[in-house]
Amino acid sequence: MTSTDGLRLLPFRGLRYAPDRVSSLTAVTSPPYDVVVRPDGVRHLETADPYNIVRLILPHAADPATRHRQAADTLRRWRAEGVLATDDRPALYVYEQRSGEVLQRGLIGALRLDGPVLPHEGVIPEVVEDRAALMREAAANFEPLLLSYRGQGTANGATAVIERSVRTTPLLSTTTEDGFAHRLWAVTDPADLAAVDADLAGRQALIADGHHRWATYQRLYEQLPGATARSPWASGLVLLVDTARYPLQVRAIHRVLPHLPPTTALADLAGAFRVRPLPGELSAALEALEKTPGNAFVLAEGPGAFHLLDRPDPELLDRTIRADRPEAWRRLDATVLHSVLLDEVWRIPDHPSDISYLHHTEAAVEQAARHGGTAVLMRATSEETVRQLAEYGVTMPRKSTSFGPKPATGLVLRTLDDSAS
């Protein structure tokens, strides 16, 4: 596919829950698939409502092929039963999330894959292949990934369309368990769609959250025989946010090493890092981490058992970190974690069974304790650093950041058959 100069966000006929067929919109939504803490989180969502979206994004069965067929069969059944219904007209969808002082607004649409979209993290091939098999079987994009772009921060172009829309009655509104209020509007007016198209034509986007889903979209298009730029597979479901108008929040993603006992982890650190015990609660450990200059991590073996790692050996850094990357990349905590600690000091295999990535600190600490392993708690990287490296064409170690707020899964889906384009 030949690249274009700007972003093309295409309207589509959204597939949405029929409110009279479910107990509530809150009960059928879910966080993104990679944020759900398995298996407890999956069970909690499954019991919230028989039609919870988790049955589509995280089906469970004995083998992958069965899981994917199960999700596709469930989607077909829910559509046939009227649980999920397709909107009458193609639209872009204005999406608002609000919690306290946090307000995020953006546009959900089908983004052409040939536009200037900057990744900032690598992906795990096994995860991409699994998500591709699921999407291929179901012929659907179940959840939008989160992209940001730098607009002018003023109420014109796409932003003007958004802010006119939010003064009207929404298609839906709900509040999820995390306290965020969600509202959705359909934009179908040709003049509004043209204004959005013109505004985005000179923009480029940064993948804030959803690298694996974007790589999955690309993989599916490349594997589709005879695919053209007009194919539904030539675009993918995204939420596009002007971060100059609505700044994103950036949080860390933590690592759990289930097969690395804490005693081994600490013993192997001798001479590589300064190691200090941190008495007290998790909040105090995280506060100490934030205040520590230079590269630093909190090593956790369970609730109340924390160590602060800092002051890595300079010779070790020089020997293990690539010299052909920008200095900003070499100084990243995630770079030091993967190049120095995981690859050199602990020699942890780069495989999903050996490294888990969790967004919530409490869940990471609990999982490490449950497996007798070690959690490595991280600090967030600024959005400015992420964008700078992406513009250099340099990717950060995967799962380096967690941008948010993330769109709720289940408010609007996109099918890839001709009837819903």
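In this text the structure is predicted, and so the values were computed from the model without any measurement.

What follows deals with the overall build of the protein. Across its full length, the protein holds 15 helices and 21 strands. A compact globule built from 421 residues would reach a C-alpha radius of gyration of about 22 Å, and the protein, at 22 Å, matches this within 12%. Its C-alpha atoms put the protein at 65 × 45 × 45 Å along the principal axes. Here the protein holds 421 residues, and 56% of them are scored as buried. In the protein, the proportion of contacts linking residues at least 24 apart, taken out of those at least 6 apart, comes to 80%. Surface summary for the protein: the accessible area is close to 17,700 Å², and the carbon and sulfur share equals 50%. Taking the 46 positively charged and 53 negatively charged side chains of the protein as two groups, their mean positions are separated by 3 Å.

Covered by surrounding structure in strand β9 (residues 172-175) are Leu172 and Thr174 only, the residues Ser173 and Thr175 on the alternate face being uncovered. Direction of pairing for β9 relative to strand β10 (residues 181-187): antiparallel, over a ladder of four bridges. Counted as the bridge partner of threonine 174 is histidine 182 from β10. The hairpin turn running from β9 into β10, its antiparallel successor, is five residues long, and glycine 179 in that turn takes a positive phi close to 90 degrees.

Tracing the backbone through its elements, the reader meets aspartate 114 in the loop between β5 (102-112) and β6 (117-118). Within polar-contact distance, the side chain of aspartate 114 engages the side chain of arginine 112 at 2.4 Å.

Further remarks concern the environment of methionine 378. Structurally, methionine 378 is set in the loop between β19 (374-377) and α15 (383-392). Judged by its relative accessible area of 5%, methionine 378 is buried. With 219 residues separating them along the chain, methionine 378 and threonine 159 place their C-alpha atoms 34 Å apart. Once residues lying within four places of it in the same chain are set aside, the contact partners of methionine 378 are Ala252, Ile253, His254, Arg255, Leu289, Phe297, Asp333, Ala334 and Leu337.

Tracing the sequence through the fold places valine 35 in the loop between α1 (25-28) and α2 (40-48). Non-local contacts of valine 35, meaning those with residues more than four positions away in its chain, are made with His359, His360 and Lys406.

Bringing the pattern of salt bridges into the picture now. Considering all chains together, one arrives at 26 salt bridges under this definition. Between aspartate 73 and arginine 76 there is a salt bridge, with its nearest N and O atoms 2.4 Å apart. With aspartate 73 and arginine 76 both in helix α4 (residues 64-80) and three residues apart, this pair spans about one turn of that helix. Measuring nitrogen to oxygen at the nearest pair gives 3.9 Å for the salt bridge that ties arginine 330 to aspartate 318. Of this pair, arginine 330 sits in helix α12 (residues 327-330) while aspartate 318 sits in helix α11 (residues 314-320); the two residues are twelve residues apart in sequence, bridging distant segments of the chain. Where salt bridges share partners, they join Glu96, Arg98, Arg105 and Arg183 into one cluster.

Quick look at the pairing of β5 now. With nine of its eleven residues buried, β5 lies for the most part within the structure. With two bridges connecting them, strand β1 (residues 9-10) and β5 associate as antiparallel partners. Along β5, the bridge assignment pairs leucine 9 with leucine 111. Here seven bridges tie strand β4 (residues 92-99) to β5, and the two strands are oriented antiparallel to one another. Within the sheet, the bridge partner assigned to glutamine 97 lies in β5 and is glutamine 104. Note: β5 against strand β12 (residues 235-242), six bridges, orientation antiparallel. Residue alanine 110 lies in a different strand from β12, and its bridge partner there is leucine 237.

This part covers the packing of α4 against helix α5 (residues 125-138). Packing of α4 against α5 leaves a shortest axis separation of 8 Å and a crossing angle of 35 degrees. For the crossing formed where α4 meets α5, the hand is right-handed. Facing Pro64, Arg67, His68, Arg69, Ala71, Ala72, Leu75 and Arg76 of α4, the residues of α5 in contact are Asp130, Ala133, Leu134, Glu137 and Ala138. Residue classes in the contact of α4 with α5 are distributed as seven nonpolar, one polar and five charged.

One open sheet accounts for six strands, arranged β15-β17-β16-β19-β14-β18; its pairing is antiparallel. With partners counted over all chains shown, the strands left at the sheet margins are β15 (274-278) and β18 (356-358), one partner each. Pairs of neighbouring strands in the sheet enclose a mean axial angle of 25 degrees, with direction left out of account. Bridging between β15 and strand β17 (residues 305-310) involves five bridges; their strand directions are antiparallel. By the bridge assignment, arginine 276 is partnered in β17 with leucine 308. Sheet strands touched by helix α10 (residues 282-291): β15, β16 (296-302), β17 and β19. Its angle to β16, the strand with the most contacts, is close to 160 degrees. Relative to β16, helix α13 (residues 333-345) is tilted by about 60 degrees, and along the sheet it contacts β14 (254-257), β16, β17, β18 and β19.

Definitions and limits used
Residues numbered from 1 in each chain as written. Predicted model: local features only at pLDDT ≥ 70, side-chain atom pairs only at ≥ 80, totals over all residues. Heavy atoms only, no water. Helix = DSSP H or I, 4+ residues; strand = E, 2+ residues; numbered from the N terminus. Rg over C-alpha atoms; globule rule 2.2 N^0.38 Å. Buried < 20%, exposed > 50% of the residue type's maximum accessible area, 1.4 Å probe, protein only. Contact = heavy atoms within 4.5 Å. Areas by Shrake-Rupley, 256 points an atom, 1.4 Å probe, with all protein chains shown as cover. Lys, Arg positive; Asp, Glu negative; His and termini not counted. Charge placed at Lys NZ, Arg CZ, Asp CG, Glu CD. Pairing = 2+ DSSP bridges. Polar contact = N/O pair within 3.5 Å; in protein donor to acceptor, adjacent residues only side chain to side chain. Salt bridge = Lys/Arg side-chain N within 4 Å of Asp/Glu carboxyl O. Axes fitted to C-alpha atoms, helices over the stretch in contact; angles between N-to-C directions. Left-handed = near helix turned anticlockwise from the far one by under 90°. Nonpolar A, V, L, I, M, F, W, Y, C, P; charged D, E, K, R; others polar.

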